[in-house]
Amino acid sequence: MRRRWIAPGAIVWLVVAAAFFLIPLIATLLFSLRSIQTNKCCSSAAYSLIIHDHQFWHTIRLSFVLSLETIAISLLLFVPTVYWVHLKLPRLRPVLGFMALVPFVVPPIILVVGLLNLYKGAPSWFYDKPYGFLATAYVILAFPYMYFSLDAGFRSIDVHTLTEASQSLGASWRTTLTRVILPNIRVAALGGSFLTLAIVMGEFTIASLSTFKTFPTYIQFVNETQPYEAAALSLLSFLIVWAAMLALLFVGRGRPRPAQVAATR
Amino acid sequence: MPYLELHGLRRRFGPVVALDGIDVSLEAGEFLSLLGPSGCGKTTALRIVAGFDRPDGGSVLIDGKDLTRVSPNRRDMGMVFQAYSLFPNMTAEQNVEFGLRIRKNKRGARRKRVAELLELVGLGHAGKRYPHQLSGGMQQRVALARALAIEPRVLLLDEPLSALDAKVRVQLREEIRRIQTQLGITTLYVTHDQEEALSISDHVAVMWSGRIEQIGSPSEMYGSPATPFVAEFIGTMNRLESVVVDGARGDIEHAGTRLTIDAARGRTKGERVLVLVRPELLELEPSGDGAAGGENSLAGTVLTHTFLGSITRLKIVGPETDLTADVPTARVAALPIGLPVVARVPAAGTRLLSLGEKPASEGPDPDDR
């Protein structure tokens, strides 16, 4: 096999780019390893403090369950919608695309104030509970990520032909959606889901302003009083997102690539 | 009683009339091709039979039962699509099995049938492969097996070969015909390729702008086209716009030249007619000494040769009319490019159509839906 030659210039740039990403991480790591008593390296006290803090477990569990709930609602809501739009109402695609941009354009601070006012009269099991109000806000926040992922997924398959083939073989709408369409947009749905996970695990503004105690608000709380623990927490949350992305990579690879479906019409 | 009947099917898409009253009746086990240029409504007709589209008027009957309002998943129609339609997440076997699983057939029976069908389409060895591991021709074979697996009442094929290359196309169309005859399944086949339609069908229906222009056996369609459009669309035709001069003798005049055509006998003097001559019927001779030529002849000069194998097609430019003539390739050396020739029009075997009818021009060309 021929050895591939790498230009020295490319190596320089690689090192610069790697440094750009790695130095802050390493600095955070070193900082988090300082001892609270001596302010010197190295002690795992910050990590052990966090791990033994029940608030840590409580908030991270809340954020994780919230993100799962957001993903579930988003998928249930958007998969059939995007499918239907691709199949029957292709003219609505630009409209949906525009609507999906709104959560990007509207700052979270405005979003949360609006939502708090909108739901003011709502029953307390919804308004006062993170699984109600906060999940609703997060579905809106995750809409663009979910929509654009799914839209790309549906564009990569021939929705019409697959649907008609399935129907002509006797499948109902539900069977077509679950057995034919879903497996072929699985990677897109997973992509949208992990983006949603990352957003919810890191969302601060809305949670803080609506006074819920989620993982990001916990990081902020720790940061105000215990800097070393905060650094350790940041690293941990970084690792969580990283693990999620790796999981996506592996799940996505665990099946043969979908075929190129020729769109000849 | 006919097995498949279409009665007065009508369908509009906004201002575009896709189907303007289609009537078809087909006996069980017959093979009918819907042939026409894109936008003629042939695909719309097929989609209505499959149930993917509802007609504005008319009905679809199978075995005497009205299926017009039945949803596509309850029609038991096997369909093969133009685009590759295999489910990318399933192997060839699983694709073929899909319809049987929907029908909740027993596992053992399913396996057996899948194996039989893959064998039938010549892919017994490829059952475990995914669609993206199969060539285009193989994918369409699997799609055919999948459509046949459910023992459909009618097999519908929507230009299944148009995405394939020429050689595979010919091979696969012969196999479609073989399998169709073997299973005796009633088949509707949509295509824009006249050679394809003529070579594999029991009946051919030529469609144009939402109507069936003519329906008949392939040899009828070729030998006696009923309208100028059919004449133009099926095979190549020389068209000579003429006026009847003497109905008793069968004399007509085309661009100043008098021709005698058997088919013109009994026509009234002064009637405008279209004389249709197949290229293989024209007899070419070098015109000696610039003479205008003999009886029943049109003069011209050889412009091009197109080699087609055993015959060569010659374009002849004349002072008034351009002609196409097919000559055995062995004779072509005697008819070099640039040679003045005369083309003899035979009195027999020539078709004649009255020109009161619709001119055979290109129709509007909306999307073929």
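Residues numbered from 1 in each chain as written. Chains lettered and ligands numbered in written order. Predicted model: local features only at pLDDT ≥ 70, side-chain atom pairs only at ≥ 80, totals over all residues.

Colleague: How should the overall build of chain A be read in this particular structure?
Modeller: When helices and strands are tallied, chain A shows 13 helices and 0 strands. Beginning at the N terminus, the succession of helices and strands in chain A can be written as α-α-α-α-α-α-α-α-α-α-α-α-α. Projected onto the principal axes, the alpha-carbon positions of chain A cover approximately 75 × 70 × 30 Å. When each of the 265 residues of chain A is scored for burial, the buried share is 32%. In chain A, the proportion of contacts linking residues at least 24 apart, taken out of those at least 6 apart, comes to 77%. (Helix = DSSP H or I, 4+ residues; strand = E, 2+ residues; numbered from the N terminus. Buried ≥ 20, exposed ≤ 12 C-beta atoms within 10 Å, placed from the backbone. Contact = placed C-beta atoms within 7 Å.)

Colleague: Got a minute to help me understand the overall build of chain B in this structure?
Modeller: The helix and strand inventory of chain B stands at 8 helices and 20 strands. In terms of overall dimensions, chain B has C-alpha extents of about 80 × 45 × 35 Å along its principal axes. Relative to its 369 residues, chain B shows a buried fraction of 44%. Across chain B, the fraction of contacts at a sequence separation of at least 24, relative to all contacts at a separation of at least 6, is 65%.

Colleague: Please clarify how helix H4 (residues 136-149) of chain B should be interpreted in this entry.
Modeller: The periodicity of an α-helix, 3.6 residues per turn, causes residues three or four positions apart to be oriented the same way. Residue and element names in this part refer to chain B. Compared with an ideal rise of 1.5 Å per residue, which puts 14 residues at 20 Å, H4 spans 20 Å between its outermost C-alpha atoms and is within 8% of the ideal. For H4, every residue scored as buried is listed here: Met138, Gln139, Gln140, Arg141, Val142, Ala143, Leu144, Ala145, Arg146, Ala147, Leu148 and Ala149. Contacts made by the buried residues of H4 are with strand E6 (77-80), helix H2 (92-102), helix H3 (107-120), strand E7 (154-158) and helix H5 (166-183). The first or second residue beyond H4 is Glu151, which carries a positive phi of 45 degrees. (Expected span 1.5 Å × (residues − 1).)

Colleague: Hey, could you run me through the nonpolar core in this one?
Modeller: Leu150(A), Val49(B), Leu156(B), Ala205(B), Val206(B) and Ala343(B) are the most contacted members of the largest nonpolar core, which totals 142 residues. Broken down by element, the residue count for this core peaks at 14 residues, all from helix H7 (residues 130-155) of chain A. When near neighbours in sequence (up to four residues on either side) are disregarded, Ala343(B) contacts Leu282(B), Glu283(B), Leu284(B), Ser297(B), Leu298(B), Gly300(B), Ile316(B), Leu323(B) and Ala325(B). Counting residues in hydrophobic clusters, the runner-up holds 12 residues, among them Ala46(A), Ile50(A), Val222(A) and Ala232(A). (Core = buried A, V, L, I, M, F, W, Y, C linked by C-beta atoms within 7 Å.)

Colleague: Would you explain the sheet that holds strand E15 (residues 283-286) of chain B in this entry?
Modeller: Within a beta sheet, neighbouring strands are joined by backbone hydrogen bonds and run either parallel or antiparallel to one another. All names here are of chain B. Overall, antiparallel pairing links the 5 strands, which are arranged E15-E19-E16-E17-E18 in an open sheet. Edge strands, defined here as strands with exactly one partner in the open sheet, are E15 and strand E18 (322-328). Averaged over all pairs of adjacent strands, the angle between strand axes in this sheet comes to 45 degrees, irrespective of strand direction. Relative to strand E19 (residues 340-344), E15 runs antiparallel, the two sharing 4 bridges. The residue bridging Glu285 from the neighbouring strand is Val342, located in E19. (Pairing = 2+ DSSP bridges. Axes fitted to C-alpha atoms, helices over the stretch in contact; angles between N-to-C directions.)

Colleague: How do you make sense of the sheet that holds strand E5 (residues 65-66) of chain B when you look at a structure like this?
Modeller: All names here are of chain B. The strand order across the open sheet built from 4 strands is E2-E1-E4-E5, with neighbouring strands paired in antiparallel fashion. Among the strands making up the open sheet, the edge pair consists of strand E2 (16-26) and E5. As paired strands, strand E1 (residues 4-13) and E2 are joined by 8 bridges and run antiparallel to one another. Counted as the bridge partner of Leu4 is Leu26 from E2.

Colleague: What should I look at first to understand the confidence of the model for chain B in this one?
Modeller: Atom-level detail of predicted coordinates should not be read off regions where pLDDT is low. Residue and element names in this part refer to chain B. Looking at chain B, pLDDT values average 86 and 94% of them are 70 or higher. Residue range residues 357-369 is modelled with pLDDT below 50. Its contacts to residues more than four positions away, or to other chains, number 22 contacts. Of the two predicted TM-score estimates for the complex, the pTM is 0.79 and the ipTM is 0.79. (pLDDT = per-residue confidence, 0-100.)

Colleague: Could you clarify how one ought to interpret the interface of chain A and chain B in this entry?
Modeller: One frequently used descriptor of interface size is the decrease in accessible area upon assembly of the parts. At the junction of the two partners, chain A supplies 25 residues and chain B supplies 25 residues. Elements with a contribution of two residues or more to the side of chain A that touches chain B: helix H8 (159-168) and helix H9 (173-184) of chain A. At 6 residues, H8(A) tops the list of elements feeding residues into the side of chain A that touches chain B.

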